Amino acid sequence: MSGHSKWSTIKRKKGVADAKRGAIFTRLAREITIAARDGGDPDTNFRLRLAVEKARGENMPKDNIERAIKKGTGEDKDAAVFEELTLEGYGPHGSAVMVSCVTDNRVRTVSDVRHIFSKFGGNMAEAGAVGWQFDRKSYFSFPSSAMAFDKAFELGVEAGADDVVDSGEEIEIFGPVDAFKTIMDTLSKAKVQPAEAGLRLIAKQEIDLGVEEIMAVMKVVENLEDLDDVQDVYHNVKVSDEALAALENA
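Just so you know, the residues in each chain are numbered from 1, in the order the chain's sequence is written. With pLDDT at 70 or above as the cut-off, local features in this predicted model cover only qualifying residues; side-chain atom pairs require 80 or more to be listed or tallied, and sums for whole chains, interfaces and linings still use all residues. In computing side-chain values, all of the structure's heavy atoms are included and hydrogens and water are not.

**Regarding the overall build of the chain**
Condition: Helical segments are the DSSP runs of H or I of at least four residues, strand segments are the runs of E of at least two, and each set is numbered from the N terminus. With the radius of gyration taken over C-alpha atoms, the globule rule is written as 2.2 Å times the number of residues to the power 0.38. Exposure is judged per residue with a 1.4 Å probe applied to protein chains only, and the accessible area is read against the type maximum: over 50% gives exposed, under 20% gives buried, and values in between give partly exposed. We call two residues in contact when some of their heavy atoms are within 4.5 Å. Here the accessible surface of atoms and residues is derived via Shrake-Rupley with a 1.4 Å probe, and residues count as covered only by protein chains that are part of the display. We treat Lys and Arg as the positive residues and Asp and Glu as the negative residues; His and chain ends play no part in the count. Think of each charge as sitting on NZ of Lys, CZ of Arg, CG of Asp or CD of Glu.
A count of helices and strands for the chain gives 10 helices and 8 strands. What you see for the chain is a C-alpha radius of gyration of 18 Å, in line with the 18 Å of a compact globule of 250 residues. Seen through its C-alpha atoms, the chain measures out along the principal axes to roughly 50 × 45 × 35 Å. Going through the 250 residues of the chain one by one, you find that 44% of them count as buried. Long-range contacts, defined here as pairs at least 24 residues apart, represent 71% of the contacts in the chain between residues at least 6 apart. Split by element, the accessible area of the chain, about 12,700 Å² in all, is 48% carbon and sulfur. Where the 33 positive side-chain charges of the chain centre and where its 44 negative ones centre are 4 Å apart.

**Examining the sheet that holds strand S1 (residues 83-90)**
We count it as follows: Pairing between strands is defined by DSSP: at least two bridges between them are needed. For helices, the fitted line uses only the C-alpha atoms of the stretch in contact; every axis is such a line through C-alpha atoms, and the angle between N-to-C directions lies from 0 to 180 degrees.
Reading across the sheet, the 4 strands line up as S3-S1-S2-S8 and stay open at both edges, with antiparallel pairing between neighbours. Across the chains shown, the open sheet's two edge strands, defined by having one partner strand only, are strand S3 (123-125) and strand S8 (230-235). Sheet twist, expressed as the mean angle between neighbouring strand axes with direction ignored, is 30°. One ladder, built from 8 bridges, connects S1 with strand S2 (residues 96-103); its direction is antiparallel. When the bridges of S2 are listed, Leu-85 appears paired with Cys-101.

**Some thoughts on the pattern of salt bridges**
Stated precisely, the cut-off is as follows: Between Lys or Arg on one side and Asp or Glu on the other, a salt bridge is scored when a side-chain nitrogen of the former is within 4 Å of a carboxyl oxygen of the latter.
Within the structure shown, the criterion is met by 12 salt bridges. The partner of Asp-185 in a salt bridge is Lys-181, with the nearest N and O atoms 2.8 Å apart. One end of the pair is Asp-185 and the other is Lys-181, both in helix H8 (residues 180-189) and 4 residues apart, which spans about a single turn. Residue Lys-181 is classed as partly exposed on the basis of its relative accessible area, which comes to 45%. A salt bridge links Glu-196 to Arg-200; its shortest N-O distance comes to 2.6 Å. Since its relative accessible area comes to 17%, Glu-196 is described here as buried. With relative accessibility at 5%, the residue Arg-200 sits in the buried group. Residues participating in the shared-partner salt-bridge network are Arg-30, Asp-104, Arg-108 and Asp-229.

Here is the structure:
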């Protein structure tokens, strides 16, 4: 399982999502707003459908979802204008970090992200300096109990996936960006509801670090994720089982 997925699992186990419910709703609302620019009907706008399903999965109130859609379609004339922004940087110990943001103030977001990098031993990088180390992929994960791995592997390959991984408690599917809808539809037909589904930056090659070094990198990741304008953070560090245990107990 990739480091990003392990970190997501840790956060769920530690109840971080529940502790920061307001921040979760803010991120989900911005994701819906951005998606709704291409149309406010989830039946015809696949990205919006996915964002709405994710919001419902987090028990986001219906009124919040509808309000976010209206902001995206322009029905709410007083709404702030958001833009998507991807920032790049180096974390401690030579780690590469990509930060996906949705913001209504680019200057503020860049400043906040730069501050976190500097505070924890990293630094911002120019566009493209880090990004070449990552590929954008379709990504899905669901509990292993939802489907036998052999069956999941077969369905994934038929739908155009690049790889299907048995990670113990969950199964992960990676595929090209243009295969996202096909894979999603295939899982839906098989009555499998992904715990996570979306486009993700995947490191082409992960680096091996010691437990303390991994903890230092994840400290940067955690603080970046706490920023209001940050939607997601990706890195190229291989999270070992020892580091995973240490993170869970931190």
